[in-house]
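# Examination of the molecular architecture
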Amino acid sequence: MRDELLYIGKKIIDNKQELAIQFSDLMDSEYKRKLVYHEESEVLKWRAELIEYLGESLFEERSVVLKKIVQWGTDIGKVAVENGLSLSQTLKSLALFRTVIWGVFTEELQQKQFAPITMLDQLNHIFVEIYEEHNMETIKRAYAALEELSVPIVPLSEGIAVMPIVGQIDTHRSQLIMETALEKSAQLQLSYLIFDISGVLIVDTMVADNIFQIVKALQLIGTKTMITGIRPEIAQTVVDLGVDFGTIKTRATLEKGLEEIGFSKLPENPQRKKDKWRY
């Protein structure tokens, strides 16, 4: 039996180039289009390598071949991700390797068909892991970008900036606000940072406490603060909760806050109706 499997395995290896070409002929146009940036000879080489490993799986030590399969799957899985191939397209292509080999060696492989199948199943798992890892990295980058946008620092002039805050402030976001405010205040050498909370819908005791902690931290590095945009309903809620904002400078609007620290509107230009500020 071993001699027969060795014969079949060697035969697969000897015909790997022809089988790789047959595989390419079976691929759909969408799959081929996404690999357009790779030379056809390079793609054929990848496919011939896998066919060779599948042939080796019939007579070589399983652990030796599996190591090659894992490395091949890792490398090609990354290529698939970089070229925008979907997971379904990639897994579907693996099934074609089975089709190509079985189409030529159906009868000869019946007695030992589980060996190449096992290797292809292993590749399935590798590709799924690579795509999951890629998706997680994409989500992390998107979340990091979203977090950065959620707490922007807008410099107005030398030493003065505004942080407009929109939406809900939870524990995680308040920590992000503090970290960003401290980092940017030190980096930009801010003497004044205005927090505009006109876009914050709810201010409860937790939010108020978080604001106090942020203000105290900024005071320690020498940055003065002001809270603007406290709407009437928010002010009423703060009073009902018994929250004392007496130690923090507040103004009803960002415009009033800017005037407080010395900004003023330029006289309107008849030819340009756009408002400008000077400091």
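So, here's what we can say about the structure. (Residues numbered from 1 in each chain as written. Predicted model: local features only at pLDDT ≥ 70, side-chain atom pairs only at ≥ 80, totals over all residues. Heavy atoms only, no water.)

### Some points on the overall build of the chain
- Summing up its helical and strand segments, the chain has eleven helices and seven strands in all.
- Across the 279 residues of the chain, 39% fall into the buried class.
- For the chain, the proportion of contacts with a sequence separation of at least 24, taken over those separated by at least 6, is 73%.
- Here the chain has roughly 16,500 Å² of accessible surface; of this, 53% comes from carbon and sulfur atoms. (Helix = DSSP H or I, 4+ residues; strand = E, 2+ residues; numbered from the N terminus. Buried < 20%, exposed > 50% of the residue type's maximum accessible area, 1.4 Å probe, protein only. Contact = heavy atoms within 4.5 Å. Areas by Shrake-Rupley, 256 points an atom, 1.4 Å probe, with all protein chains shown as cover.)

### Regarding the sheet that holds strand E4 (residues 224–228)
- Spatial strand order, E1-E2-E3-E4-E5: five strands in an open sheet with mixed pairing. Among the strands making up the open sheet, the edge pair consists of strand E1 (154–157) and strand E5 (250–251).
- Across three bridges, the pairing between E1 and strand E2 (residues 160–166) is antiparallel. Opposite Val-154, over in E2, you have Val-162 as the bridge partner.
- The sheet contacts of helix H8 (residues 171–188) involve E1, E2 and strand E3 (192–199), and relative to E2 the element is tilted by about 165 degrees. (Pairing = 2+ DSSP bridges. Axes fitted to C-alpha atoms, helices over the stretch in contact; angles between N-to-C directions.)

### Thoughts on the pattern of salt bridges
- By the definition in use, this model includes five salt bridges.
- A salt bridge links Glu-260 to Arg-251; the shortest N-O distance between them is 3.0 Å.
- Connected through shared salt-bridge partners, Lys-249, Arg-251 and Glu-260 make up one network. (Salt bridge = Lys/Arg side-chain N within 4 Å of Asp/Glu carboxyl O.)

### Section: the pairing of E3
- With six of eight residues buried, E3 lies mostly within the body of the structure.
- In the sheet, E2 pairs with E3 via six bridges, with the strands oriented parallel. Residue pairing across strands places Ile-160 opposite Tyr-192, the latter belonging to E3.
- In this structure, E3 lies alongside E4, joined through five bridges in parallel fashion. Within E4, the position partnered with Ile-194 by the bridge is Met-226.
- Handedness of the crossover joining E3 and E4 through helix H9 (residues 205–220): right-handed. (Right-handed = clockwise from strand over helix to strand, strands pointing away.)

### A short note on the environment of Gly-199
- For Gly-199, the position within the fold is in strand E3.
- The exposure class assigned to Gly-199 is partly exposed, which follows from its relative accessible area of 21%.
- Spatially, the C-alpha atom of Gly-199 lies 9.3 Å from that of Arg-231, the residues being 32 residues apart in sequence.
- Sequence-distant contacts of Gly-199, defined by excluding residues within four places in its chain, comprise Ile-165, Val-166 and Gly-167.

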